[in-house]
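The residues making up each chain are set out below.
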Amino acid sequence: MIPTEYPITWKKNNFGIKIYCSIPAIATGIMLTAGDTRFLLDPGDGILRDLNDELSNEQMFNISDLFITHGHHDHVGGVWALLTYFRVMRRSSDLHIHYPEGCVEIESIYNAFKSVYSKSTPYHIVMHTIYDELPFSRKKVKVQPFPVVHREYTADGKTTQLVPSLGYKFNFEGVKICYGGDTAYCDSLAKMAKDSDLAVIEAGEEDEDNHDGMHMTKDEALKIAQSAKEFCLVHVPD
Ligand SMILES: [Zn+2]
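Reading guide: rules and limits
- Residues numbered from 1 in each chain as written.
- Predicted model: local features only at pLDDT ≥ 70, side-chain atom pairs only at ≥ 80, totals over all residues.
- Helix = DSSP H or I, 4+ residues; strand = E, 2+ residues; numbered from the N terminus.
- Rg over C-alpha atoms; globule rule 2.2 N^0.38 Å.
- Buried ≥ 20, exposed ≤ 12 C-beta atoms within 10 Å, placed from the backbone.
- Pairing = 2+ DSSP bridges.
- Core = buried A, V, L, I, M, F, W, Y, C linked by C-beta atoms within 7 Å.
- Contact = placed C-beta atoms within 7 Å.
- Axes fitted to C-alpha atoms, helices over the stretch in contact; angles between N-to-C directions.
- Parallel < 35°, antiparallel > 145°, perpendicular 65-115°, else oblique.
- Left-handed = near helix turned anticlockwise from the far one by under 90°.
- Arc of directions from axis to C-beta.

Draft legend 1. Region of the structure containing the overall build of the chain. Of regular secondary structure, the chain possesses seven helices and 15 strands. For 238 residues, the compact-globule estimate of 2.2 N^0.38 gives 18 Å, and the chain sits close to it at 17 Å. When its C-alpha atoms are laid out on the principal axes, the chain stretches across 50 × 45 × 35 Å. In the chain, which comprises 238 residues, the proportion classed as buried is 42%.

Draft legend 2. Examining the pairing of strand E3 (residues 27–34) more closely. Burial within E3 is extensive, with seven of its eight residues counted as buried. Note that strand E2 (residues 15–23) and E3 share eight bridges and pair antiparallel. Bridged to Ile-17 within E3 is Leu-32. Hairpin connection of E2 to E3: three residues between the antiparallel strands, including Ala-25 at a positive phi of 70°. Strand direction decides the pairing type here: E3 and strand E4 (residues 37–41), joined by five bridges, are antiparallel. Its bridge partner being in E4, Met-31 is matched across the sheet by Leu-40.

Draft legend 3. Here's a closer look at the nonpolar core. Counting residues in each nonpolar core, the largest one holds 60 residues, and the members touching the most others are Ala-193, Ala-199, Val-200, Ile-201 and Ala-225. Not counting residues up to four positions away in its chain, the partners in contact with Ile-201 are Gly-180, Ala-193, Ala-221, Ile-224, Ala-225, Phe-231 and Leu-233.

Draft legend 4. Looking closely at unusual backbone geometry. Pro-7 follows Tyr-6 through a cis peptide bond whose omega is 5°. Of note, Pro-7 is situated in the segment before strand E1 (8–12). The phi torsion at Ala-25 lies on the positive side, around 70°, for a residue other than glycine. Within the secondary structure, Ala-25 is located in the loop between E2 and E3. Ala-25 sits in the exposed class, given 11 other C-beta atoms within 10 Å.

Draft legend 5. Inspection of the packing of helix H4 (residues 79–88) against helix H5 (residues 104–117) at higher detail. Viewed as axis vectors pointing N to C, H4 and H5 meet at an angle of 30°, and their least axial separation amounts to 10 Å. Classified by the interaxial angle, the pair formed by H4 and H5 is roughly parallel. The two elements H4 and H5 cross, and the hand of that crossing is right-handed. On the side of H4, the interface is formed by Val-79, Trp-80, Leu-83 and Arg-87, while H5 contributes Ile-106, Ile-109, Phe-113 and Tyr-117.

Draft legend 6. The arrangement of the sheet that holds strand E12 (residues 166–172) in detail. If you walk across this open sheet you meet the six strands as E8-E9-E12-E13-E14-E15, and the pairing is mixed. Lying at the two open borders of the sheet, with one neighbouring strand each, are strand E8 (136–138) and strand E15 (231–234). Averaged over all pairs of adjacent strands, the angle between strand axes in this sheet comes to 20°, irrespective of strand direction. With three bridges connecting them, strand E13 (residues 175–179) and strand E14 (residues 198–202) associate as parallel partners. Bridge pairing in E14 places Cys-178 opposite Ala-199. Sheet contacts for helix H7 (residues 218–225): E14 and E15; angle to E14, the most-contacted strand, approximately 165°.

Draft legend 7. Quick peek at helix H1 (residues 47–54). Turning to H1, its buried residues are Ile-47, Asp-50 and Leu-51. Along the axis of H1, the buried residues cluster in a sector spanning 95°; they form a single face. Facing away from the buried side of H1 by more than 90 degrees, the exposed set consists of Arg-49, Asn-52 and Asp-53. Looking at the buried positions of H1, the neighbouring elements they touch are E2, E3, E4, helix H2 (57–61) and H4.

Draft legend 8. Structural detail: the sheet that holds E1. Reading across the sheet, the seven strands line up as E1-E2-E3-E4-E5-E6-E7 and stay open at both edges, with mixed pairing between neighbours. Both edges of this open sheet fall to E1 and strand E7 (125–130), since each of them pairs with a single strand only. Neighbour to neighbour, the strand axes of the sheet diverge by 15° on average, direction disregarded.

Written out as structure tokens, the structure is:
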């Protein structure tokens, strides 16, 4: 599937995904629902508004974990709003945040929030730095993080540098959803996407001849996506 408008929903048995938005340089926002469990992936700008449109406060508090692929603003822009909303609405349960080692943006947001609001926040934030590819479980969902290759321009606008970036493969009751985040074509994503029930793959590069290491062209994305049982191409430029 190559979406023309958001949101996009997909569900198999008790495992579902809703992609509220995935527009490069603007915003991402994805919710996974596994039975009664809710996770957010890459909560970019607008995610609080989108969730508030359809979830009660109790359902919002039921979001137990945030999974961050990397620190670019279109993937973490909604985190401050969520943390602050939960404070104002008196959330009491822990909130877990998973992110790649070296993702200074999410650590900076957390540290700023802690320094401003630690004395008036009724819930705990548990930060989980991901250092390796070891699988772990959260709320009966198996999570397999894997490295991807994503770059950004430095200040001179010409040279590029690697950004700490992960993809995640989630398995709930045997249904597998693979989300690659932002990445150039890489073997790790190709391996994880293969035979997933759903692969959510970015196709952020418009220029088919451009291979600057930031995003995949549609052809590259399709090559990976089509190895899954079903796929959705996201992060396609407007
Ligand atoms: Zn990015």
